[in-house]
Amino acid sequence: RCDSKFDDALSIYDKVLSIDEKYAGALKGKAFAYYELKDYKKANEFFKKASAIEVLDDESQEIWDACLNNLNLILVNPIFFYSFFILSSCLFRK
């Protein structure tokens, strides 16, 4: 499975962050891995953490921008809204 290399990378970054939770390189690495796994929400979370520590390089900023675009596409997708409406109506039915 191709995703296993990203899962392995996430595990290594977790070990690094257990030693230094503010190591921007590991935070960006996790963001890149989550981006490649198409988990844009988590990628965004780690790009935010890294950018709070240091200014992102051009490549990281470009990937973060792409990540945010993908998140916006998911949020604007009408099927997503319809699914959310159906799920919400089931969950909050009195």
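Everything quoted here is computed from the prediction, not taken from an experiment.

Regarding helix H1 (residues 4–19)
Stage number 1. The terminal C-alpha atoms of H1 lie 23 Å apart, and with 16 residues this matches the ideal 22 Å at 1.5 Å per residue to within 8%.
Stage number 2. Regarding H1, the residues found buried are Phe-6, Leu-10 and Leu-17. Down the axis of H1, the sector holding all buried residues measures 45 degrees, keeping them to one side. Facing away from the buried side of H1 by over 90 degrees, the exposed positions are Lys-5, Ile-12, Lys-15, Ser-18 and Ile-19.
Stage number 3. Where H1 is buried, its residues contact helix H2 (24–36).

Structural notes on the packing of aromatic side chains
Stage number 1. All chains considered together, the criterion is met by four aromatic pairs.
Stage number 2. Seen in terms of ring centroids, Tyr-34 and Phe-46 are 5.8 Å apart; in terms of plane orientation they differ by 20 degrees. Their pairing is stacked. One end of the pair, Tyr-34, is in helix H2; the other, Phe-46, is in helix H3 (residues 40–53), and 12 residues separate them in sequence. Phe-46 shares its class with Tyr-34; the two are buried.
Stage number 3. Within the aromatic cluster, the residues linked to one another by ring pairs are Phe-32, Phe-47 and Trp-64.

Looking at H2
Stage number 1. With 13 residues, H2 should reach 18 Å at 1.5 Å per residue; the first-to-last C-alpha distance of 18 Å fits that figure.
Stage number 2. Most of H2 is tucked away: 10 of the 13 residues are buried.
Stage number 3. Among all positions in H2, only Ala-24, Ala-26, Leu-27, Lys-28, Gly-29, Lys-30, Ala-31, Ala-33, Tyr-34 and Tyr-35 are buried.

Here's the deal with the pattern of salt bridges
Here the idea is simple: oppositely charged side chains can pair when their charged atoms come close.
Stage number 1. By the definition in use, this model includes four salt bridges.
Stage number 2. Taking the shortest distance from any N to any O, the salt bridge between Lys-28 and Glu-54 comes out at 3.2 Å. Here Lys-28 is found in helix H2, whereas its partner Glu-54 is found in the loop between H3 and helix H4 (58–76), with 26 residues between them in sequence.
Stage number 3. Judged by relative accessible area, which is 13%, Lys-28 ranks as buried.
Stage number 4. In this structure, the salt-bridge partner of Lys-49 is Glu-45, at a minimum N-O distance of 3.5 Å. Of the two residues, Lys-49 and Glu-45 both sit in helix H3, four residues apart, roughly one turn of that helix.
Stage number 5. Under the relative-accessibility criterion, Lys-49 is labelled partly exposed at 39%.

About the criteria used
Residues numbered from 1 in each chain as written. Predicted model: local features only at pLDDT ≥ 70, side-chain atom pairs only at ≥ 80, totals over all residues. Heavy atoms only, no water. Helix = DSSP H or I, 4+ residues; strand = E, 2+ residues; numbered from the N terminus. Expected span 1.5 Å × (residues − 1). Buried < 20%, exposed > 50% of the residue type's maximum accessible area, 1.4 Å probe, protein only. Arc of directions from axis to C-beta. Contact = heavy atoms within 4.5 Å. Phe/Tyr/Trp six-rings, centres within 6.5 Å; stacked < 30°, edge-to-face > 60°. Salt bridge = Lys/Arg side-chain N within 4 Å of Asp/Glu carboxyl O.

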